Amino acid sequence: MRKMKAVYLTMALMLGAFSLAACGSSNGSTNTPEGTATAGSSAEASAQPSAKPVTLTFLIPNTEDVTPYNLIFKEFEAKTGNKVEVQALPGGDYDNMLKTRFSTGDFPDVFLMQPGTKQYVKLRADETLYEWSGEAGVWDNVIDTIVDFQKDTAGKAYGVPFGKTGMMGVFYNKDVFEKAGVAAPTNYANLIEIAKKLKGDGVTPFYEGVKDGWPTQVFYLTGWVSQVDQEIGDEGVQKLNVNQLKLSDIAALKDLFVKSKEIKDLGLFQKNTLSGTFDELQNELGEGKVAMAFMLDGILPQLEKKFGKDFVTNKIGFFPFPTATDTGTAMITPPNQLMVPSKAKNLEAAKELVKFMISKESVNIFYQSQPGIPVFKDATSELYPMQQTVKDYIDQGKSKVNVQNRLTASFLDLGKILQNFHITGDVDTAIKEMDANYVKDGNSKRLEGFE
Amino acid sequence: MERSKYPLYFSFPAVIVFLLFFITPTIIGIYYSFTDWNINADAIKFIGLENYKELFNEPRLKQAFINTLIFAAAVTLLQNAVGLALALLLNEKLKLRNLLRMIFFMPYVIAPLVIGYIFRAIYHPEHGIVNQFFGLLGMDFMVQDWLNDPRFALFTVIMTDIWRVAGFSMVVYLAGLQFIPKDLTESASIDGANYWTRFKHVVFPLLAPAFTVNVLLAMIGSMKVFEIVMVLTEGGPGYTTEVFYTYIRNTFSSGEMGYATAINMLLFVLVTLVGIPVLLAMKKREVEM
């Protein structure tokens, strides 16, 4: 019996020792001063091999194409010896999953986030995120307007821009337009005429992904820059930011709901709007069964996967949401941002990775894989024709950043509100709900003017 | 016969676990439902009944309340009807009795999330087997967009859940049927009672405890429905299948913890208010053998 006790005791001690050893060397990610670059080091300096390689975790929503990131990480691994593990989380729950991980202390090393300083509020940036404003080797190559966009009112930047200037508007199948003998519209009434003509020819004019919820929002967001911004101006947006203007008091916004209802009543959407999905939208637009879709440029890599690069280059066209009198304003979205939690396990190596990602070589790898309007001064990117269209609008001063990126409070549950609107067709209820949810979100975020 | 008694302290571990993991969080939850707990706020303030006032003015919660009650009533009723019918059938001497029992019980052990994903494919408007089946039969009027049409969405979710849980009710009723002494039904047969009369006057009254368990569990479970709705419809289209927990999830997601806890408390009160009278009524009709 005594012998057995001794055996158990020895086993217990061994187990304890093993587990302590495991804790000590867990993931091999402990930073040593030798293994990390200094904060002010440049991307080139960061490419030095680390003395003790670490594995960094990089979080990205699965709605993003991971290909360019993997290519960049491959280079990073070759140069530094550090590995990057990509974790693609479900896009719809990305924010919630991220917040959950933050609240449980399960921080990634680097993560991709949607643009806008509203994300700083959402993530309580001053407590949780590394602050980049004064960081050397980060801002020199970023276009000035994008640098400004990145800073909050106190001039602090908790994210580093990465990616391309995005766009939302109307994507159309050029072949379908050609067959019907129509061209990009000159104003909104003309757009409806074109849609009617297409319907007459047996083509579904517009596709609406109501089941997925988010695609339905694009109509209102693109319509905002062409229509609502003209009514309320930048001052109006500032008033919305501090809750001095009600969404339900904006006539041009209400008119967007009326316009959407009109399209539905005229039968210009596909048959089953309520079961419409983003995936089916791509198929129908690509196959020419549908002529147009109010969409964001995230559709391009998807179409390229399904129908090839030539198809996207030659057969897909783009135009902004037209106004009553002209072709409208192009809605652009700033690039995503890279963020590093201040409590990241491998903070220094994570900063190194971010700097490597925004180095000239890396951004060019990105643009090669995902051509788009660059946000870095010395980057080169081959643009799709529709991206050139938007660039032309930008150059002519006829572009505006998505209002969602200019506001701190969000249009909470807009997809759901629009789903309901598609069922009921009740404009007043929808806009009232949109307004109530916006105020609720501002209040929930404890924003000035909302409490 | 004297019943053997165990010392009271034998129950202490269970009581401690229950107090620690069930009662304490509930009390804490009650407290937080009276606060403005929010992930964006630095401090948590006591705000009295504010959350409750707000939630009574929320039309979306009203819709969730109605849907939850419809869902609970339909599932409780049909789950028990189908479960009882299956139990009676599989209590007979059938060749494949055990295999059939297993087949009908199997959905219950599959995670609701998995069932949700499978049924999403089954109900797909074009490629789903439900519509293809009706199409093959030439019943085109039955070809519907089951999950995305506001007229059918809630009904479809209800039917899916009944398919999932009817096997559980069947097992409970089967257990109840095993406890009914054979001589009672046999003597009724000798007295000339047909199947229906035997069921009505002998089997049904003696199955009362199984009914109590089944009805209560079905009712409480269906009022707390979440996963199956979430996967199949996410509470949509619009708010047509919104239930308490999909709404609670939504408010938790937006960081309104205090408000979400208040909705949880409301659901707790609702389940209690519905559950206790049902329990008392059903207990009353139980027959001691």
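Throughout, a residue's number is its position along its own chain's written sequence, starting from 1. The naming scheme follows written order: chains are lettered A onward, ligands numbered 1 onward. Local features are withheld for residues below a pLDDT of 70 in this predicted model, meaning they are given only at 70 or higher, and side-chain atom pairs are given and counted only at 80 or more; totals for whole chains, interfaces and linings count all residues. With hydrogens and water excluded, all non-hydrogen atoms of the structure serve as input to the side-chain values.

Draft legend 1. Representation of unusual backbone geometry in the model. A cis geometry characterises the amide bond from B:Gly236 onward to B:Pro237, with omega recorded as -5 degrees. Its location among the elements puts B:Pro237 in the loop between α11 (227-232) and α12 (244-253). Look at A:Asn243: it is not a glycine, yet its phi comes out positive at around 60 degrees. Along the chain, A:Asn243 turns up in the loop between α10 (214-241) and α11 (251-265). Positioned with a positive phi, B:Glu234 is a non-glycine residue whose angle comes to about 55 degrees. Note that B:Glu234 resides in the loop between α11 and α12. Strands are runs of DSSP state E lasting at least 2 residues, helices are runs of H or I lasting at least 4, and numbering of each runs from the N terminus.

Draft legend 2. View of the environment of B:Phe268. Residues and elements named next belong to chain B. Within the fold, Phe 268 resides in helix α13 (residues 257-284). You can call Phe 268 partly exposed: its relative accessible area is 47%. Phe 268 sits 44 residues away from Lys 224 along the chain, and the two C-alpha atoms are 9.5 Å apart. Note on classification: 1.4 Å probe, protein chains only; a residue is buried when its accessible area is under 20% of the maximum for its type, exposed when over 50%, partly exposed between these limits.

Draft legend 3. The nonpolar core, seen in detail. Residue and element names in this part refer to chain A. Among the nonpolar cores identified, the biggest contains 57 residues, and Trp 224, Ile 250, Leu 253, Phe 257, Met 292 and Phe 411 are the most heavily contacted of them. When contributions to this core are tallied by element, the ones reaching two or more residues are β5 (164-173), α8 (174-180), α9 (188-200), α10, α11, β7 (290-296), α19 (414-424) and α20 (427-444). For this core, the element with the highest residue contribution is α10, accounting for 10 residues. Core analysis: the next-biggest nonpolar cluster, separate from the first, contains 53 residues, Tyr 69, Ala 344, Ile 358 and Ile 365 among them. The term nonpolar core refers to a set of buried residues drawn from Ala, Val, Leu, Ile, Met, Phe, Trp, Tyr and Cys, joined through side-chain atoms within 4.5 Å.

Draft legend 4. Summary view of the interface of chain B and chain A. Any pair of residues with heavy atoms lying within 4.5 Å of one another is described as a contacting pair. Contact residues are listed per partner, giving 28 residues for chain B and 23 residues for chain A. Of the roughly 2000 Å² buried between chain B and chain A, counting both surfaces, carbon and sulfur atoms make up 38%. On the chain B side of the interface with chain A, the three residues burying the most area are B:Asn40, B:Asn148 and B:Tyr239, jointly 28% of the side's total. Counted as salt bridges are all cases of a side-chain nitrogen of Lys or Arg within 4 Å of a carboxyl oxygen of Asp or Glu. The tally of links between chain B and chain A comes to three salt bridges. Measuring nitrogen to oxygen at the nearest pair gives 2.8 Å for the salt bridge that ties B:Arg60 to A:Asp413. Counting of polar contacts relies on pairs of N or O atoms within 3.5 Å, with two restrictions inside protein: one atom must be capable of donating a hydrogen and the other of accepting it, and residues adjacent in sequence are counted only when both atoms are side-chain atoms. Linking chain B with chain A are 14 residue pairs in polar contact (both at pLDDT 80 or more), by the criterion used here. Per element, the largest residue contribution to the side of chain B that touches chain A is four residues, and it comes from α12(B). Here the term charged refers only to Asp, Glu, Lys and Arg, the term nonpolar to Ala, Val, Leu, Ile, Met, Phe, Trp, Tyr, Cys and Pro, and the term polar to all other amino acids, Gly among them. When grouped by side-chain class, the residues that make up the side of chain B that touches chain A number eight nonpolar, nine polar and 11 charged. Once two parts are brought into contact, the accessible area they lose, counted with a 1.4 Å probe and summed over both, makes up the buried area.

By themselves, these observations are geometric and do not establish any function.
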